[in-house]
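Residue-level structure breakdown
Residues per chain are reported as follows:
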2 protein chains.
Amino acid sequence: MTNHRQAVKSQSAAPKGRSERILDVAEQLAQRRGFNGFSYADIAEELAVTKASLHYHFPSKADLGVRLIARYHEAFTGALAEIDATIDDEAAKLRRYVALYDQVIAQDRMCLCGMFAAEYATLPAPMQVELRAFFDANETWLASVLERGRKSDRLTVRMSPNAHARILVQVLEGAMLVARAYGDLDRFRSAADHALAELGVGVKAS
Amino acid sequence: MTNHRQAVKSQSAAPKGRSERILDVAEQLAQRRGFNGFSYADIAEELAVTKASLHYHFPSKADLGVRLIARYHEAFTGALAEIDATIDDEAAKLRRYVALYDQVIAQDRMCLCGMFAAEYATLPAPMQVELRAFFDANETWLASVLERGRKSDRLTVRMSPNAHARILVQVLEGAMLVARAYGDLDRFRSAADHALAELGVGVKAS
DNA sequence: GTCTATAGGTGGATAGAC
DNA sequence: GTCTATCCACCTATAGAC
């Protein structure tokens, strides 16, 4: 019951901390313009603060980048846990998984980690490590869903769950990447639907 | 027979012009680091010239970027024409098409246009136009191969050739994107093989 | 065509007052 | 925690000599 997360003076529910606000803005910029496509000045302007105050929260841009990926990863993990907690059917789980990507592109954003993957060679090493951890976690979750779906005969998985999981991530990332250049959400959806159909997952029913 | 492409004084075959050399270096940098991840200084250092001399050939970076995409597009068009001129079988054509991507990632590069697609929102408008033209051309060529393959029963194309062509491009781009973050060529290959298998294209024989 | 020199701007980052 | 002020490296781009 007792919730003293950090502040006594704030009375409203879950008042986001300064750092979270900064991450929110940075995340949006990073997903739309890439890590090399935004600056502290961009964030500062949006939040109406100075660059110096941003450096107080995130001393270097590498720090900011690492936190960005870690938070994105945590949010994704949370969403996957939510799926696991509320859905049993594997086909439905996959539809929900794809819906996570759909929500991202619907906001005219690229997957944060897909974006960073493009810039991989220019990223600080700590960011590269976090980035792979994100993809690893996605592939692991998907592989386990595919495996259970196959055992229960609710999915048609023709290759190894692990290999197919990797392909799924690649398809979804690539679909977002190209769809965004056309500003065409449907390009993403038809690729995603196709990838699901291949596994015996229909668009609507289980 | 007569070949007076530009120079009288050069006796060796096809001596690349200064501009082409610049584009070669810029292309490599762009494919590895992205358009926002390299500078005139990087090119100048590699070619041991000054930045100012680069601006003589490409006044602005937007000019350079447009020429980069246009040349890449032309090279791709040439490769596709070569495929059409030497191969009849549609399955074999698709394998050759995938091999084009394979050669790119084998050099530790991302597809130039896949890379630029990630940075789309930050690109000068003329580059955005050229970028879409590249993808359009790819999709058109693929759609025609798929269509003929279906008519001749050499390919298994379950949806519209156009829709499937788009998906193919997305899969290949996404496969490169993620594979590069792992420095793992096989991640690209298994996704590509999977996409081909779905069309009834085996790994080796026709 | 390539150079030197430099303009004019923006990048990430720090010191120190408040 | 946020500010002002500033540093310095780097960026794209231009002027003008050779």
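Values in this document were obtained by computation on a predicted structure and should not be read as measured data. (Residues numbered from 1 in each chain as written. Chains lettered and ligands numbered in written order. Predicted model: local features only at pLDDT ≥ 70, side-chain atom pairs only at ≥ 80, totals over all residues. Heavy atoms only, no water.)

Side note on the overall build of chain A
A count of helices and strands for chain A gives nine helices and zero strands. Written out in order from the N terminus, the α and β elements of chain A read α-α-α-α-α-α-α-α-α. C-alpha atoms of chain A, sized along the principal axes, occupy 55 × 45 × 30 Å. Within chain A, the fraction of its 206 residues that count as buried is 50%. In chain A, once contacts between residues fewer than 6 apart in sequence are set aside, the share between residues at least 24 apart is 67%. Total accessible area on chain A is roughly 9,800 Å²; 51% of this is exposed by carbon and sulfur atoms. Across chain A, the 26 positively charged side chains and the 26 negatively charged ones have centroids separated by 3 Å. (Helix = DSSP H or I, 4+ residues; strand = E, 2+ residues; numbered from the N terminus. Buried < 20%, exposed > 50% of the residue type's maximum accessible area, 1.4 Å probe, protein only. Contact = heavy atoms within 4.5 Å. Areas by Shrake-Rupley, 256 points an atom, 1.4 Å probe, with all protein chains shown as cover. Lys, Arg positive; Asp, Glu negative; His and termini not counted. Charge placed at Lys NZ, Arg CZ, Asp CG, Glu CD.)

Re the protein's contact with DNA strand D
Taken together, 17 residues surround DNA strand D, and among them Thr50(A), His57(A), Lys51(B), His55(B) and Lys61(B) come closest. Near the protein, meaning within 4 Å, the atoms of DNA strand D are sugar or phosphate in a fraction of 62%, with bases accounting for the rest. Contact between DNA strand D and His57(A): a phosphate oxygen at 2.6 Å from a side-chain N or O atom of the residue. Within the side chain of Ser39(B), an N or O atom sits 3.0 Å from a phosphate oxygen of DNA strand D. Of all the secondary structure elements, the ones that give two or more residues to the surface near DNA strand D are helix 3 (51-57) of chain A together with helix 2 (40-47) and helix 3 (51-57) of chain B. Take the surface near DNA strand D: its biggest share by element is four residues, from helix 3 of chain A. (Near = heavy atom within 4 Å. Polar contact = N/O pair within 3.5 Å; in protein donor to acceptor, adjacent residues only side chain to side chain.)

Regarding the protein's contact with DNA strand C
Taken together, 17 residues are adjacent to DNA strand C, and Ser39(A), His55(A), Lys61(A), Thr50(B) and His57(B) come closest. Within 4 Å of the protein, the contacting atoms of DNA strand C are 62% sugar and phosphate, with bases supplying the remainder. Interatomic distance of 2.6 Å between a side-chain N/O atom of His57(B) and a phosphate oxygen of DNA strand C. Element by element, the count of residues in the surface near DNA strand C is highest for helix 3 of chain B, at four residues. Among the residues making up the surface near DNA strand C, the classes are represented as eight nonpolar, six polar and three charged. (Nonpolar A, V, L, I, M, F, W, Y, C, P; charged D, E, K, R; others polar.)

Comments concerning the relation of the copies chain A and chain B
For the pair chain A and chain B, the superposition axis carries a translation of 0.0 Å, the fit reaches an RMSD of 0.0 Å, and the rotation angle comes to 180 degrees. Look at the turn and shift together and you get a two-fold axis relating the two. Across chain A, the smallest distance between a C-alpha and the rotation axis is recorded for Gly174(A), namely 1.7 Å. Most of the interface of chain A is mirrored in chain B, where 100% of its interface residues are also at the interface. (Least-squares fit on C-alpha atoms with pLDDT ≥ 70 in both.)

Describing the packing of aromatic side chains
Residues and elements named next belong to chain A. One pass over the full model with this rule turns up 20 aromatic pairs over all chains. With a centroid separation of 5.9 Å and an interplanar angle of 85 degrees, the aromatic rings of Phe-35 and Phe-38 are classed as edge-to-face. Look at Tyr-72 and Phe-134: their rings are 5.7 Å apart centre to centre, the planes differ by 45 degrees, and that puts the pair in the tilted class. Taken together, the positions of Tyr-72 in helix 4 (residues 61-86) and Phe-134 in helix 7 (residues 125-151) put the pair 62 residues apart, joining distant regions of the chain. Of the residues examined, Tyr-72 reaches a relative accessible area of 7% and is grouped as buried. (Phe/Tyr/Trp six-rings, centres within 6.5 Å; stacked < 30°, edge-to-face > 60°.)

Regarding unusual backbone geometry
All names here are of chain B. In this structure, Ala-48 takes a positive phi of about 55 degrees despite not being glycine. In this fold, Ala-48 is placed in the loop between helix 2 and helix 3. On the accessibility criterion, Ala-48 (68% relative accessible area) is exposed. Backbone geometry places Asp-108, a non-glycine residue, at a positive phi of 60 degrees. You can see Asp-108 is positioned in the loop between helix 5 (90-106) and helix 6 (112-118). You can call Asp-108 partly exposed: its relative accessible area is 43%.

A short note on helix 5 (residues 90-106) of chain A
Residue and element names in this part refer to chain A. If you check helix 5, its first and last C-alpha atoms are 24 Å apart, about what 17 residues at 1.5 Å a residue would give, namely 24 Å. Of all 17 residues in helix 5, 13 are buried; the element is thus mostly enclosed. With a side-chain oxygen lying 3.2 Å from the backbone nitrogen of Ala-91, the N-terminal cap of helix 5 falls on Asp-89. (Expected span 1.5 Å × (residues − 1).)

What about the packing of helix 4 of chain A against helix 7 of chain A?
All names here are of chain A. Their axes nearest at 9 Å, the elements helix 4 and helix 7 cross at an angle of 10 degrees. Of the possible angle classes, the one that applies to helix 4 and helix 7 is roughly parallel. On the side of helix 4, the interface is formed by Ala-62, Gly-65, Val-66, Ile-69, Ala-70, Tyr-72, His-73, Phe-76, Leu-80, Ile-83 and Asp-84, while helix 7 contributes Pro-126, Met-127, Glu-130, Leu-131, Ala-133, Phe-134, Ala-137, Asn-138 and Trp-141. Residues that form the contact of helix 4 with helix 7 fall into these classes: 15 nonpolar, three polar and two charged. (Axes fitted to C-alpha atoms, helices over the stretch in contact; angles between N-to-C directions. Parallel < 35°, antiparallel > 145°, perpendicular 65-115°, else oblique.)

Focus on the interface of chain A and chain B
Contact with chain A, which involves 38 residues of that partner, is made by 38 residues of chain B. Together chain A and chain B conceal approximately 3,300 Å² of surface at their shared face, both sides included; 61% is due to carbon and sulfur atoms. Inspection of the chain A/chain B interface yields two salt bridges. Glu139(A) is the salt-bridge partner of Arg187(B), the closest N and O atoms lying 2.8 Å from each other. Sorting the residues of the side of chain A that touches chain B by element identifies helix 1 (18-33), helix 6 (112-118), helix 7, helix 8 (161-182) and helix 9 (185-198) of chain A as the ones contributing at least two each. By residue number, the principal contributor to the side of chain A that touches chain B is helix 8 of chain A, which donates 14 residues. Here the side of chain A that touches chain B is composed, by residue class, of 18 nonpolar, nine polar and 11 charged. (Buried area = accessible area lost by both parts, 1.4 Å probe. Salt bridge = Lys/Arg side-chain N within 4 Å of Asp/Glu carboxyl O.)

Regarding helix 4 of chain A
The end-to-end C-alpha distance of helix 4 of chain A is 37 Å, a good match for the 38 Å that 26 residues give at a rise of 1.5 Å each. Among the residues making up helix 4 of chain A, those that are buried are Leu64(A), Gly65(A), Leu68(A), Ile69(A), Ala70(A), Arg71(A), Tyr72(A), His73(A), Phe76(A), Ala79(A), Leu80(A) and Ile83(A).

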